[in-house]
Amino acid sequence: EPEVTQTPSHQVTQMGQEVILRCVPISNHLYFYWYRQILGQKVEFLVSFYNNEISEKSEIFDDQFSVERPDGSNFTLKIRSTKLEDSAMYFCASSEATGGTEAFFGQGTRLTVV
Amino acid sequence: SQQGEEDPQALSIQEGENATMNCSYKTSINNLQWYRQNSGRGLVHLILIRSNEREKHSGRLRVTLDTSKKSSSLLITASRAADTASYFCATDRAGANSKLTFGKGITLSVRP
């Protein structure tokens, strides 16, 4: 069964460093998303991406964050200068279409900023 | 306002019993989805119910949606120890490009 894959599963980084989280969405999906979950809290929307551009972003997704689809398969989230409060589980998701289709999530990348 | 609030926050049942989890939301929605998350792991999609549907079944899962009350329930019948996980409802709103808004989740423990 097709699935969303994320790498790495766990990343530890020093405060102020840049990190890139990688995702391979399901191959025929067109809509891509990043969410995050701080330990013990809700899953929060960060950004949605369609047709090679951001379609919506949340207040969390400030100038320190960027997304890219560098080729036909990968979808990346970059955090330019990490802060302690960026420590969270980051989930990538994809869906075939918008409005009424299931969003499938990857296993997540646990980011720990020290 | 909070969208997608589940209750109870924690539920402990015996294997074989049914588990009912509820979700309420505040704004109008397109669809409501239920997800399961095992401890520290990814979100597994369980079922999607559209705003014009009232009930949906998938294996041991039954989901209902009452748009007049802005609520949904997830019933797991004949629960198993492997059903132990956190369960989240997530809604998407019309015109919101399928962005999902999650509730805080329900922790279900199924005792063997």
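Look up: the structure comes first, before these words.
Residues numbered from 1 in each chain as written. Chains lettered and ligands numbered in written order. Predicted model: local features only at pLDDT ≥ 70, side-chain atom pairs only at ≥ 80, totals over all residues. Heavy atoms only, no water.

Participant: Any chance you could break down the overall build of chain B for me, citing the residues and the numbers?
Facilitator: Assigned secondary structure in chain B consists of zero helices and eleven strands. Its helices and strands in sequence order give chain B the pattern β-β-β-β-β-β-β-β-β-β-β, from N to C terminus. Scaling as 2.2 N^0.38, a compact globule of 112 residues should have a C-alpha radius of gyration of about 13 Å, and chain B matches this with 13 Å. Put simply, chain B has 112 residues, and 46% of those count as buried. For chain B, the accessible surface area stands at approximately 5,100 Å², while carbon and sulfur atoms represent 43% of it. (Helix = DSSP H or I, 4+ residues; strand = E, 2+ residues; numbered from the N terminus. Rg over C-alpha atoms; globule rule 2.2 N^0.38 Å. Buried < 20%, exposed > 50% of the residue type's maximum accessible area, 1.4 Å probe, protein only. Areas by Shrake-Rupley, 256 points an atom, 1.4 Å probe, with all protein chains shown as cover.)

Participant: Outline the interface of chain B and chain A, listing residues and values.
Facilitator: With 24 residues of chain B at the interface, the matching set in chain A holds 24 residues. Of the roughly 1,900 Å² buried where chain B meets chain A, counting both sides, 49% is carbon and sulfur surface. A salt bridge links B:K99 to A:E56; its shortest N-O distance comes to 3.4 Å. Secondary structure elements with two or more residues in the side of chain B that touches chain A: β4 (31-37) and β5 (43-50) of chain B. Here the side of chain B that touches chain A is built from residues that sort into seven nonpolar, twelve polar and five charged. (Contact = heavy atoms within 4.5 Å. Buried area = accessible area lost by both parts, 1.4 Å probe. Salt bridge = Lys/Arg side-chain N within 4 Å of Asp/Glu carboxyl O. Nonpolar A, V, L, I, M, F, W, Y, C, P; charged D, E, K, R; others polar.)

Participant: Residues and numbers for the sheet that holds strand β7 (residues 61-66) of chain B, please.
Facilitator: Residue and element names in this part refer to chain B. Read from one edge to the other, the open sheet built from five strands follows the order β1-β3-β8-β7-β6, with strand pairing classed as antiparallel. Looking at the sheet topology across the chains shown, the edges are occupied by β1 (5-7) and β6 (55-58). Each strand axis lies, on average, 20 degrees off the axis of its neighbour in the sheet, ignoring direction. As defined by bridge partners, β7 adjoins strand β8 (residues 71-76) across six bridges and the pair is classed as antiparallel. If you follow D66 over to β8, its bridge partner there is S71. (Pairing = 2+ DSSP bridges. Axes fitted to C-alpha atoms, helices over the stretch in contact; angles between N-to-C directions.)

Participant: Residue-level account of the nonpolar core, with values.
Facilitator: Formed by 23 residues in total, the largest nonpolar core has its most connected members in B:M21, B:L32, B:W34, B:L74, B:I76, B:Y87 and B:L108. Secondary structure elements with two or more residues in this core: β2 (10-14), β3 (19-24), β4, β5, β7, β8, β9 (85-92) and β11 (106-111) of chain B. One finds A:C23, A:F32, A:I79 and A:A88 within the second-largest nonpolar core, a separate group that totals 21 residues. (Core = buried A, V, L, I, M, F, W, Y, C linked by side-chain atoms within 4.5 Å.)

Participant: Now, about the sheet that holds strand β1 (residues 5-7) of chain A: what can you tell me, with residues and values included?
Facilitator: Strand-to-strand pairing in sheets goes through backbone hydrogen bonds, with the strands running parallel or antiparallel. Residues and elements named next belong to chain A. Across the sheet, which stays open at both edges, the four strands sit in the order β1-β3-β8-β7 with antiparallel pairing between neighbours. Two strands in the sheet have a free side with no partner beyond their single neighbour: β1 and β7 (65-68). Geometrically, the sheet is characterised by an average inter-axis angle of 20 degrees between neighbouring strands, direction not taken into account. Of the pairings in the sheet, the one linking strand β3 (residues 19-24) to strand β8 (residues 75-79) comprises five bridges and is antiparallel in character. Its bridge partner lying in β8, V19 is registered against I79.

Participant: Lay out the side chain of B:D83 in plain terms, naming residues and giving numbers.
Facilitator: Residue and element names in this part refer to chain B. Note on placement: D83 falls in the loop between β8 and β9. Of note is the side chain of D83, whose polar atom sits 2.8 Å from the backbone nitrogen of R80. Those residues in contact with D83 that lie beyond four places of it in its chain are R60, I76, L108 and V110. (Polar contact = N/O pair within 3.5 Å; in protein donor to acceptor, adjacent residues only side chain to side chain.)

Participant: How would you explain the packing of aromatic side chains if you had to name every residue and give the values?
Facilitator: A complete count under the given rule lists 14 aromatic pairs over all chains for this structure. For the ring pair A:Y35 and A:F105, a centre distance of 5.3 Å and an interplane angle of 50 degrees mean the geometry is tilted. Pair noted here: A:Y35 is in strand β4 (residues 31-37) and A:F105 is in strand β10 (residues 103-105), with a separation of 70 residues, a long-range link. Judged by relative accessible area, which is 1%, A:Y35 ranks as buried. Every member of this aromatic cluster is reached through a ring pair, and the members are A:Y33, A:Y35, A:F45, A:F91, A:F105, B:Y35, B:F88 and B:F102. (Phe/Tyr/Trp six-rings, centres within 6.5 Å; stacked < 30°, edge-to-face > 60°.)

Participant: Tell me about the pairing of β7(B), residues and numbers included.
Facilitator: All names here are of chain B. Examined bridge by bridge, β6 and β7 share four bridges and lie antiparallel to one another. In the strand pairing of β7, E55 is matched with T64. Hairpin connection from β6 to β7: two residues lie between these consecutive antiparallel strands, with G59 at a positive phi of about 60 degrees. Connecting β7 to the antiparallel partner β8 that follows it, the hairpin turn spans four residues, and K70 within it adopts a positive phi of roughly 50 degrees.

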